[in-house]
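Descriptive analysis of the structure
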Amino acid sequence: MLSEIFPMRMRGFGMGVTAVVLWLTNFVTGLVFPSLVSGIGVSNTFFLFVVAKLFSLAFVKLHVPEAKGRTLETLEAELRARFS
C-alpha cells in the first residue's frame, strides 16, 4: 500500500524512510516489551498493544484512501488535491 500512496517522483525515498521507520519500531517494541512485562504484567502489556492497534486501525480507516481498482496517477492526483 505504501508504494501506491507516494508520488512517483519520491517513491524510492518514501519507501526507504518507511522501511527505516518499520525497523526502528520493531527494535523499540522488542526493547521495551520485556520491561513492560516485568513492570505491568503480561495482560496489561498486551492490552497496551491492543489499544495501539485500535488507534492505528482508526487512523487507516479515516485517512488512508482505498487503492483498489485505481491507477497510481489517479491516487496521486486525489492525495495532492486532499493535502494541498
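Preceding block: the structure.
Read on for an overview of the structure. Every chain is numbered independently, its residues counted from 1 as its sequence is written. Per-residue local features are limited, in this predicted model, to residues with pLDDT of at least 70; the limit for side-chain atom pairs, both in listing and counting, is 80 or more; totals at the level of whole chains, interfaces and linings are taken over all residues. Values shown for side chains rest on all heavy atoms present in the structure; no hydrogens or waters enter the calculation.

Put simply, two rings from Phe, Tyr or Trp (the six-membered ring, in Trp's case) pair if the centres are within 6.5 Å, and we call them stacked under 30 degrees between planes, edge-to-face over 60, tilted for the rest. In this structure the tally under the stated criterion is three aromatic pairs. Taking 5.7 Å as the distance between ring centres and 65 degrees as the angle between the ring planes, the aromatic pair formed by F33 and F46 counts as edge-to-face. One end of the pair, F33, is in helix α2 (residues 11-40); the other, F46, is in helix α3 (residues 42-63), and 13 residues separate them in sequence. Any residue under 20% of the maximum accessible area for its type is buried, any over 50% is exposed, and the rest in between are partly exposed; the area is computed with a 1.4 Å probe on protein chains only. Using a relative accessible area of 45% as the deciding quantity, one classes F46 as partly exposed. A centroid spacing of 6.1 Å and a plane angle of 35 degrees characterise the contact between F33 and F49, whose relative ring orientation is tilted. Within this pair, whereas F33 is found in helix α2, its partner F49 is found in helix α3, the two being separated by 16 residues in sequence. Under the relative-accessibility criterion, F33 is labelled partly exposed at 28%. Residue classification places F49 among the partly exposed positions, given a relative accessible area of 32%. Note on conventions: DSSP H or I runs of at least 4 residues are helices, E runs of at least 2 residues are strands, and numbering of each starts at the N terminus.

Glancing now at the pattern of salt bridges. Salt bridges are counted wherever a side-chain nitrogen of Lys or Arg sits within 4 Å of a carboxyl oxygen of Asp or Glu. A complete count under the given rule lists two salt bridges for this structure. When the shortest N-O distance is used, the salt bridge between E78 and R70 registers 2.2 Å. For R70, a relative accessible area of 32% translates into the label partly exposed. Between E78 and R82 there is a salt bridge, with its nearest N and O atoms 3.7 Å apart. Note that E78 and R82 are positioned in helix α4 (residues 72-83) at a spacing of four residues, about one turn of the helix.

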